[in-house]
Each structure stands twice: as C-alpha cells, then as structure tokens.
Amino acid sequence: MAPAITMAADVELSPANTGFMLICSALVLLMTPGLAFFYGGMVRVKSTLNMLMMSFISMGIVTILWVLYGFSVAFGADKGSVVGWTSDFVGLSGIDKGDLWLPYNIPVLAFMVFQLMFAIITPALISGALADRVKFSAWALFIALWATVVYFPVAHWVWGTGGWAFDLGVIDFAGGTAVHINAGAAALGVILVIGKRIGFKKDPMRPHSLPLVMLGAGLLWFGWFGFNAGSWLGNDDGVGTLMFVNTQVATAAAMLAWLIYEKIRHGAFTTLGAASGAVAGLVAITPSGGAVTPIGAICVGAIAGVLCAMAVGLKYKFGYDDSLDVVGVHLVGGVVGSVLIGFFASGKGQSDVAGVFYGDHKFDQLWKQLAGVGGVLAYSLIASAILAFLLDKTIGMRVTEDEEVAGIDQAEHAETAYDFSGAGGGAAKATVAAPADDAASKKVDA
C-alpha cells in the first residue's frame, strides 16, 4: 500500500491515475459478491441465502460507517500510533472534489472509496467461519462493532502515516495483515465463543453447489487484480504492474500445489481444491507481491498452497468449527505471505528492502514482519472474542437449535434459495387426474 500522504489542492490532477483507481475500486467491490457466491456454494442448501446476505450486508453497514468516521480513524492524522483522526474527514465534510492525495495526484475521494472497498470485504471474510448458526441481526451488529473497534484502527497501524506497524517498516502491500490475518484471527476468536454447528464431525456438510464455488473463485481472482495492483495508487513506476503479474503467478502456483497435495493425500483432484488453492495464493501474494520477483511469487504461492491445504484439516484435530476454512486459508495464507517477505523480498520492487535470500543475513525485515503478524493476530483474536462474548450474553449470537436444524434461511430470511414447487407439476397433475384405483392415487399423492 502506498504511504498515506497529506492533502493538497494546488497540484494538477492525474486523469490516468484517477481513472485507474476508480476502475480498481469497482473491481474490489465486485470481490464481495464474488465472496458471497464462493461461500454460498460451499454451504448446505438450507443456508445459502444467509451466507449470501452475510457478505452483502457488509456493503451497506461498512459504507455508512466509513463515511461517517471510519476513514478518519484509519487515515486521519496519527494519534499515538494507534488511531488517526482528522475532523475534515468526518462525514467527508471537509474534503473538496479538487483535493488531491499526493504523490499520485488522485482525488482524496478516489483514495477514500478505494479503501472503503477493503473495509467492506474484510468483515465479510469472517462470515464463512460462522455458517449455519448465527442470527442475522447479531451478525449485522457485530460487523458495525468489529469494523469500529478492530478494522479501522488496524488499517491505521499498517497503512496510516504514524501507525506503529507503518513506522516499524512492516511491509503489507495490499492487506496480508490488515485484511486477511485480521479477518482470519477474528473468525477464530468468534467461533471459539459461539461453538460448533449441530452435527459437526458427525453429519455430512458438503458444498451444495460447486459451480457456484467456482464462479465465486473466478470473480475473486478477477477482482483481486484491482485489490492488489490498485494498492500502489498509480502506474508511474511499474510497481503496480509487477504486483499484477505476481498476483497471477502466485495464484496459479498455489492452485497447482493444492491440487498436487490433495491428489497425494486424498487421491483426487477436486474442484473445491482448485478454488481453495487459488484463493490461498491470492491471500499469500497480497502482502508480498510488490516486494518479490515472479520466481519469488511462484515460491510464495506454492508454499501457501500446500500449507493452507494442510491447515484446513486442523479444525477436526483441535475441534474448532471453522465452517468454510477462513482460518485455514485466510489466517494461515496471510501469515505465510507476510512472513515470506522476510525471505523473498528482492530489494528491486516497491523498495530496496531485501529478505534473507537476497542478503538480509541479520533477519531485519523478517523480525519486522513477525512483529506485524503477531500484533495484528493477537489484537484481532482477543478483541473479536470479547465482542462476540458480549453480544452472545446480551442479544444472543446463535439461532435456536430447531432453527439451525430446519435451516437458517427460512428462520432468518423467510426465503429459500431454490424453489422446486413447479418442477414436473404438469406430469404430476396428469397422473393424479386419472388414477387407476384408490391405492394408486394414494401412492401418487404420497
């Protein structure tokens, strides 16, 4: 992520960078519906709509909070290396359309809306760990509280001028710590509080629509180019292009590595494995893609693909019910991508910082990366668990046991994802109209 710079109104706007950032913002927004499809296909039929809505509601809640105060907390003037605050950013009241974010000469509003899309998708990522069992009203309130208490401050730590991780020199190009470790640790904290689904490790809980999963993964991969390449805020020096290339390379490597691992381990190349491997690669290259070479990106992707594939099985070993493997893919993938910067940073990308394999034999950058990973992970895990605990003890986080068994879609949304009532209706009516005898009629009716 390019450093947060001060505003100015006396510099000429760059149409090229501005247009680029608006396109990237739209691409990042597309990732949230893509995530909804990805998660929605992975759950059972009775939870499909709830899973979609858990992502979509973030687009509404976080947008309003970001405009009111989130942008100010994340990117305002530093206050103690922990949060930011600039009164002109509150409600966007003091930002004119001509005010520019330097040195890329894009409007402050363009930078604001690009960062908004990151703020939207991060809590949506958490939802995959909570499938089948959380009240929608409690989830909506959790998003509002979590964005305020966790995401906005952490974004300042990592990307805001004066934030402790930013000043320490932690490299996070587009969100390995602020987005993926943050969301993955939060997911773990919440599920430790709310507990397992009914039937966990006993009943089959297979994805109901792998085509939806693949569609969602494709939309995520497509939108991720805006997520990653756009995070340099311009195209003047080629760093964004390097990030674009590395995004593709690492994702391909991770997908292949995951498939090879599951073929050796389980005997088959699965579509779910391909989709999950691709997402693992996207997660891992997000913090590191501006610092490594394409060969380094292959290494980052391949390592993440194997380690994330191994990590998704830990929930059965340790007994935490991470429904859709948010911990295994986003937390582990974010940690892998962030830490590997300390090894694979070439010194020829976004900065002259080198990793262990490129001459940093004092492990300087590696220690910085570990500090950033540890700080964000610990804070998000603890704060998220506390928020979930408070909500659970007040309004309650979970639906009732009967509602969970019957299906959360009907209980929370009064809808179902698929309506088969009209399928084959004509044939059924024709059979019933002229039954051979009473027994046959009763059989058809049953």
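See the structure shown above.
Worth saying up front: this structure is predicted, and the values here are computed from it rather than measured. (Residues numbered from 1 in each chain as written. Predicted model: local features only at pLDDT ≥ 70, side-chain atom pairs only at ≥ 80, totals over all residues. Heavy atoms only, no water.)

Chemist: Can you break down the side chain of N17 residue by residue, with the values?
Modeler: For N17, the position within the fold is in helix 1 (residues 15-42). With a relative accessible area of 3%, N17 lands in the buried category. Among the polar contacts listed, one links the side chain of N17 to the backbone nitrogen of N235, at a separation of 3.3 Å. Among all residues touching N17, those that are not within four sequence positions of it are Y104, I106, L233, G234, N235 and D236. (Helix = DSSP H or I, 4+ residues; strand = E, 2+ residues; numbered from the N terminus. Buried < 20%, exposed > 50% of the residue type's maximum accessible area, 1.4 Å probe, protein only. Polar contact = N/O pair within 3.5 Å; in protein donor to acceptor, adjacent residues only side chain to side chain. Contact = heavy atoms within 4.5 Å.)

Chemist: Could you give an account of unusual backbone geometry, naming the residues involved and the relevant values?
Modeler: Looking along the chain, the bond that leaves L102 and enters P103 is cis, with omega of 5 degrees. Looking at the element boundaries, P103 is found in the loop between strand 4 (100-101) and strand 5 (106-107). We note that N105 has phi near 55 degrees; this positive angle belongs to a residue other than glycine. Tracing the backbone shows N105 in the loop between strand 4 and strand 5. Within the chain, D325 stands out as a residue other than glycine whose phi angle is a positive 65 degrees.

Chemist: Got a sec to walk through the side chain of T122? Specific residues and values, please.
Modeler: On the secondary structure map, T122 appears in helix 3 (residues 108-126). In this structure, T122 is in contact with W146, Y151, A178, V179 and A183, ignoring residues within four places of it in sequence.

Chemist: I'd like a description of the environment of D96, backed by residues and values.
Modeler: With respect to the helices, strands and loops of the structure, D96 is situated in the loop between strand 3 (83-84) and strand 4. For D96, a relative accessible area of 44% corresponds to the partly exposed category. For D96, the side chain forms a polar contact with the main-chain nitrogen of G98, separated by 2.8 Å.

Chemist: Help me get a handle on helix 4 (residues 136-159), residues and values and all.
Modeler: A bend of about 45 degrees at A147 is the largest found in helix 4. Most of helix 4 sits inside the fold, with 18 of its 24 residues counted as buried. (Bend = angle between axes of the 7 residues up to and from the residue.)

Chemist: Provide a residue-level description of the environment of V45, including the pertinent values.
Modeler: Here V45 is to be found in the loop between helix 1 and helix 2 (48-75). Expressed as a C-alpha distance, the spacing of V45 and I408, which sit 363 residues apart in the sequence, is 9.9 Å. Residues contacting V45, with those up to four places away along its chain left out, are H208, D409 and Y418.

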